[in-house]
Structures are given as C-alpha cells and as structure tokens.
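Below are the chains, spelled out letter by letter.
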Amino acid sequence: MFIATLIAAERLSHGEISAAEDALATAGMPATDRAWIEAERACDLMFAGDPIVARGALEGLLSGVDVVVQPEAGRRKRLLIADMDSTMITVECIDELADYAGIKAEVADVTERAMRGELDFEAALDARVALLAGLDAGAIDRCLAERVRPMPGAKALVRTMRAHGAHTLLVSGGFTRFAEPVAADIGFDRAIANVLESEGRRLSGTVARPIVGAEAKRRALGDAAAAHGLALDATLAVGDGANDIPMIEAAGLGVAYRAKPRTAAAAAARIDHNDLGALLFAQGYAMREWAAED
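This is a predicted model, so every value here is computed, not measured. Along each chain, residue indices are assigned from 1 in the same order as the chain's sequence is written. For this predicted model, a pLDDT threshold of at least 70 governs which residues receive local features, and a threshold of 80 or more governs which side-chain atom pairs are given and counted, while totals over whole chains, interfaces and linings are taken from all residues. Excluded from the side-chain calculation are hydrogens and water; included are all heavy atoms of the structure.

Colleague: Help me get a handle on the side chain of Asp95, residues and values and all.
Modeller: Tracing the backbone shows Asp95 in helix H3 (residues 93-100). Buried and unpaired, Asp95 has Arg128 as its nearest opposite-charge partner, separated by 4.9 Å. Within the local environment of Asp95, its side chain forms a polar contact with the side chain of Thr111, the two groups lying 2.7 Å apart. Two residues qualify as a contact provided that any one of their heavy atoms is within 4.5 Å of a heavy atom in the partner residue. The residues touching Asp95, leaving out its near neighbours within four places in the chain, are Lys104, Val107, Ala108 and Thr111. The helix and strand labels rest on DSSP assignments: H or I over at least four residues marks a helix, E over at least two residues marks a strand, and numbering proceeds from the N terminus. When a residue's accessible area, from a 1.4 Å probe over protein chains only, is under 20% of the maximum for its type it is buried; when over 50% it is exposed; and in between it is partly exposed. We score Asp and Glu as negative and Lys and Arg as positive, and we do not count His or the chain ends. For this document, the term salt bridge refers to a Lys or Arg side-chain nitrogen within 4 Å of an Asp or Glu carboxyl oxygen. What qualifies as a polar contact is a pair of N or O atoms within 3.5 Å, subject to a donor-acceptor requirement within protein and to the restriction that residues adjacent in sequence count only when both atoms come from side chains.

Have a look at this one:
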C-alpha cells in the first residue's frame, strides 16, 4: 500500500481532497481510505498501485498544495540528512559573505549557475572563494549575526525527528564557520562542511581539501545510515541544488525543497508551497507531536 499526502500551504478543503481521489481513480488507483493528519492542512489518501503514476496524477493538480507519495510502511524516517544554504537557512552564505567584500552580484551569479548544475561544483566553489581573498575573517561572524536565519519549519523538523529517535546530519557544500553554529541553533546532531582557510585575520581565498561536494554528501548519507544500522529506506534527504541530487536519489525519501529544476526533476518528492514542516506531515506527524522551535 502507498500513501499520497496532500499538504496545503493554507487550507485544504474536502472538495480538493475529492478532486485528488477522482484523479487517482481516473489513473486506475482508487483511494481505499482517507485520513486527516492535521485538519484542513494535511490529509493522507491510501491506495494500491504505481506510486510514480499516482504522483504524476496528483502533483500540480491543486493550487498551493504539495503532494508526497511514498510506501505506507516506514514513513517515519530514522535519519535526516539536509543541505544548509537555501534549504535549512534562507540565504546562500557565500553570496552574503561576498557582499561584505562588495562583490555579491558577481559571486551570486556563479552560485546560481552552480546550483542549477551548469557549472562544476568544485571549480565554481574555488573560483568564488578566490574572490574573497583578503577579506577580514570577522565578516563571517557579522554575516552570521546579521543575515543567517533558519528556514521556517527547520527547527520543528529537526527537533521533532530527534525527539522521536532519529539521527540528524547537516551536510553543506558551504563552510564550517557557518554550518557548525547553524547546526547547533537548529538542533542537528552534527554538521559536515568545507573548511574556509585563512591567514591570520584574513581569508586566504582557498578551501581545504577534500571538498564536500555532491559525492561527499551521498557518501555521508550512506556512512551515517551504516553507522546507525539503518537501511537507506529509513532515510530522508532534503536539498535544493544540483550538488544535492546524489543524496536525494539515494535516500529512502528524497525531497527537493523549493529547488532548482534539475534537482526537482530528480527527487521523489518536491515541496514548492509549504515550509519545512511539510516534511513532518509527510511522515505522519500531527502538529501536536511537533517539538517546540524555541
């Protein structure tokens, strides 16, 4: 059996649920039951059949509603691995850091192209970091304080999963100077990221090797699952950029969060309308079960 979870950014009506049931029936997979996870916000439709066909029938059907289709068994995941920039936080740290050097537009253009998969990630990272050479390292602390904010729903997602026994890992192609405090603030068990090198109080314009890129993220997922004795089916990965695709494809539930087109196309589920709390609804958590964000 499979579950299609309808998650509304605002209000989910009975009429919309009926329209989704009709779409499943037209696709040859009539819903066998429906159940609210959260009244007027999130509803499960149970069905037997092809989940890929079901997703195609439902995704984009209802305005402002995200759809997650997955097996009924094992929907509550035991490992979360998440990207940081534009996923767990609202900004791209390297772009904001570049603003303190007066070169945000130049760096942000390369970031956008790299996240769309148009550029080699490692080469693009080296090129952007080189432009930061000589910047006072104190700009990192200023950037953290002034510009880095958790994505709505991030704390609830991570803290709720941890409260129910899951391990949570932040894996970033960005930098430890950002990822470690972000992970601590949101509530992750630990963080993996690149080391931005410096000479005294100035950034050197280089990144320590090996670089945390797409393959390192995928490997981190596999290593963490193995360390906790988990099958990949028990894992959830979420990200927005092309360098997140391997871990998203490898996870039991791989989610593209407000993602670039190539990443969205590769993911088993996409969240375009809701905040990260949608991933708790997708796992069957009613809001009364959510951990407090602060």
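Colleague: If you had to explain the packing of aromatic side chains to someone new, which residues and values would you point to?
Modeller: We call Phe, Tyr and Trp rings a pair once their centres come within 6.5 Å, taking the six-membered ring for Trp, and we label the pair stacked below 30 degrees between planes, edge-to-face above 60, and tilted otherwise. One pass over the structure, following the stated rule, counts 2 aromatic pairs. For the ring pair Phe2 and Phe47, a centre distance of 5.9 Å and an interplane angle of 25° mean the geometry is stacked. Pair noted here: Phe2 is in strand S1 (residues 2-8) and Phe47 is in strand S3 (residues 42-47), with a separation of 45 residues, a long-range link. Judged by its relative accessible area of 0%, Phe47 is buried.

Colleague: Could you give an account of the pattern of salt bridges, naming the residues involved and the relevant values?
Modeller: As a working rule, side chains carrying opposite charge can pair if their charged atoms are close by. This structure, assessed with the given rule, holds 24 salt bridges. We note a salt bridge from Asp185 to Lys155, for which the minimum N-O separation is 3.5 Å. Of this pair, Asp185 sits in helix H8 (residues 176-186) while Lys155 sits in helix H7 (residues 154-163), and the two are 30 residues apart along the sequence. Taking the relative accessible area as the measure of exposure, Lys155 reaches 9% and is therefore buried. In this structure, Asp272 engages Arg270 in a salt bridge whose closest nitrogen and oxygen atoms are separated by 2.8 Å. A cluster of three or more residues bridged by salt bridges with shared partners is formed by Glu96, Asp99, Lys104 and Arg147.

Colleague: Requested: an account of the side chain of Asp240, with residues and values cited.
Modeller: Summarising the element assignment, Asp240 is placed in the loop between strand S10 (235-239) and helix H10 (245-250). With relative accessibility at 1%, the residue Asp240 sits in the buried group.

Colleague: Describe in detail the pairing of strand S6 (residues 167-175), supporting the description with residues and values.
Modeller: With respect to burial, S6 is a largely interior element, 9 of its 9 residues being buried. The pairing criterion is simple: DSSP has to find at least two bridges between the two strands. Relative to S6, strand S5 (residues 79-82) is paired through 4 bridges, and the arrangement is parallel. In the strand pairing of S6, Ala82 is matched with Leu170. Looking at chain direction, S6 and strand S7 (residues 190-194) are connected through 4 bridges and run parallel. Residue Leu170 lies in a different strand from S7, and its bridge partner there is Ala191. Crossover S6 to S7 through H8 is right-handed. Think of it like this: strands point away, you trace from the first strand over the helix to the second, and a clockwise trace means the crossover is right-handed.

Colleague: Quick rundown of the sheet that holds S7? Include the residues and the values.
Modeller: Strand pairing in a sheet relies on backbone hydrogen bonds, with the paired strands running either antiparallel or parallel. Taken together, 6 strands build an open sheet; the order of strands is S7-S6-S5-S10-S11-S12 and the sheet is parallel. Either end of the sheet is taken by a strand with one partner, and the two such strands are S7 and strand S12 (269-271). The sheet shows a mean angle of 20° between the axes of neighbouring strands, taken without regard to direction. Two strands pair when backbone bridges link them, and S5 and S10 are joined in this way by 4 bridges, in the parallel orientation. Its bridge partner lying in S10, Ile81 is registered against Ala237. Whenever a helix is involved, its axis is fitted only over the stretch in contact; in every case the axis is a line through C-alpha atoms, and angles between N-to-C directions fall within 0 to 180 degrees.

Colleague: Give me the lowdown on helix H5 (residues 121-130), citing residues and values where you can.
Modeller: Of the residues making up H5, those classed as buried are Phe121, Ala124, Leu125, Arg128 and Val129. Along H5, the residues classed as buried sweep out an arc of 130° about the axis, all on the same side. Where H5 begins, one side-chain oxygen reaches toward the backbone nitrogen of Glu122, 3.3 Å away; that side chain belongs to Asp120. Think of the arc as the fan of directions from the helix axis to the C-beta atoms.

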